[in-house]
Amino acid sequence: MQVRVKTIQLANKNIAFAVVHERTCTIQCVVTVIPIVVSGQMVKVVSELSQESIINVQGIVCVTKDPITDATSIISVRACIRISRPIRPDSNCHLCVELQVRKLYCVNKALPTLFITIDNAALSDIEINKAKQVT
């Protein structure tokens, strides 16, 4: 699937997390070094991606032990990913699946510092005024 990078977090040299989105659908991707399948170089490439970079990603959808609170509900994810068996979200309706990345291609790397982010563009006038008062 072709998605945009929302956030990247490097846990160590063998594992990186990326929250990606396509329109209103978000999912957490996990890039873990697996011999012959995923190299340490792929983890490094993922850690160097900037926000809003466009990537093609392929992987395995897995159920997580703990809910992921940085992603949208399972209803949105079903629109993006074909899931052969039903997966139930936890009682708070947080996503309980993640994508174990097997292949990742950077289609278009965004500028390291964007002039405006999607999160900033989504702020309401009230939130902007509160932020102005704090600074």
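Worth saying up front: this structure is predicted, and the values here are computed from it rather than measured.

*Asks:* Would you mind showing me how to read the overall build of the protein chain here?
*Replies:* Across its full length, the protein chain holds four helices and five strands. Taken from the N to the C terminus, the helices and strands of the protein chain come in the order β-β-β-α-β-α-β-α-α. Residue burial in the protein chain is summarised as follows: out of 135 residues, 31% are buried. Residue pairs in contact within the protein chain that sit at least 24 positions apart in sequence constitute 67% of those at least 6 positions apart. Summing over all exposed atoms, the protein chain offers an accessible surface of approximately 9000 Å²; the carbon and sulfur share of this is 54%.

*Asks:* Would you explain helix α1 (residues 40–47) in this entry?
*Replies:* Each turn of an α-helix holds 3.6 residues, which means side chains three or four residues apart point in the same direction. Among the residues of α1, M42, V43 and V46 are the ones counted as buried. One side of α1 holds all its buried residues, which, seen down the axis, span an arc of 100°.

*Asks:* Whenever I open this one, the side chain of E52 confuses me. Can you help?
*Replies:* Its location among the elements puts E52 in the loop between α1 and β4 (54–68). Buried within the structure, E52 lacks any salt-bridge partner; R4 is the closest side chain of opposite charge, at an N-O distance of 4.0 Å. At a separation of 3.2 Å, a polar atom in the side chain of E52 contacts the side chain of H21.

*Asks:* For this particular structure, what's the right way to read the pairing of strand β3 (residues 25–32)?
*Replies:* A regular strand places its side chains so that they alternate between the two faces of the sheet. Here β3 lies mainly inside the structure; seven of its eight residues are buried. Pairing between strand β2 (residues 15–22) and β3: eight bridges, direction antiparallel. Paired with A16 across the bridge in β3 is V31. Linkage of β2 to β3, two consecutive antiparallel strands, is achieved through a turn of two residues, within which R23 is found at a positive phi near 55°.

*Asks:* What should I look at first to understand the side chain of S53 in this one?
*Replies:* Mapped onto the elements of the fold, S53 is located in the loop between α1 and β4. For S53, the side chain forms a polar contact with the main-chain oxygen of S50, separated by 2.8 Å.

*Asks:* So what exactly am I meant to see when it comes to the nonpolar core here?
*Replies:* Nonpolar side chains in soluble globular proteins tend to be buried together. Counting 19 residues, the largest nonpolar core has V20, V31, M42, V46, I55, V101 and L104 as the members making the most contacts within it. For this core, the secondary-structure elements that each account for two or more residues are β1 (2–12), β2, β3, α1, β4 and β5 (95–108). Beyond its immediate stretch of four places on either side in the chain, V46 contacts I8, A16, A18, V31 and L104.

*Asks:* Would you mind going over the pairing of β1 with me for this structure?
*Replies:* Summarising the sheet, β1 and β2 pair through seven bridges and their orientation is antiparallel. From the neighbouring strand, N12 faces β2, where its bridge partner is I15. Here β1 folds back onto β2, and the loop between the two strands holds two residues.

Calculation rules
Residues numbered from 1 in each chain as written. Predicted model: local features only at pLDDT ≥ 70, side-chain atom pairs only at ≥ 80, totals over all residues. Heavy atoms only, no water. Helix = DSSP H or I, 4+ residues; strand = E, 2+ residues; numbered from the N terminus. Buried < 20%, exposed > 50% of the residue type's maximum accessible area, 1.4 Å probe, protein only. Contact = heavy atoms within 4.5 Å. Areas by Shrake-Rupley, 256 points an atom, 1.4 Å probe, with all protein chains shown as cover. Arc of directions from axis to C-beta. Lys, Arg positive; Asp, Glu negative; His and termini not counted. Salt bridge = Lys/Arg side-chain N within 4 Å of Asp/Glu carboxyl O. Polar contact = N/O pair within 3.5 Å; in protein donor to acceptor, adjacent residues only side chain to side chain. Pairing = 2+ DSSP bridges. Core = buried A, V, L, I, M, F, W, Y, C linked by side-chain atoms within 4.5 Å.

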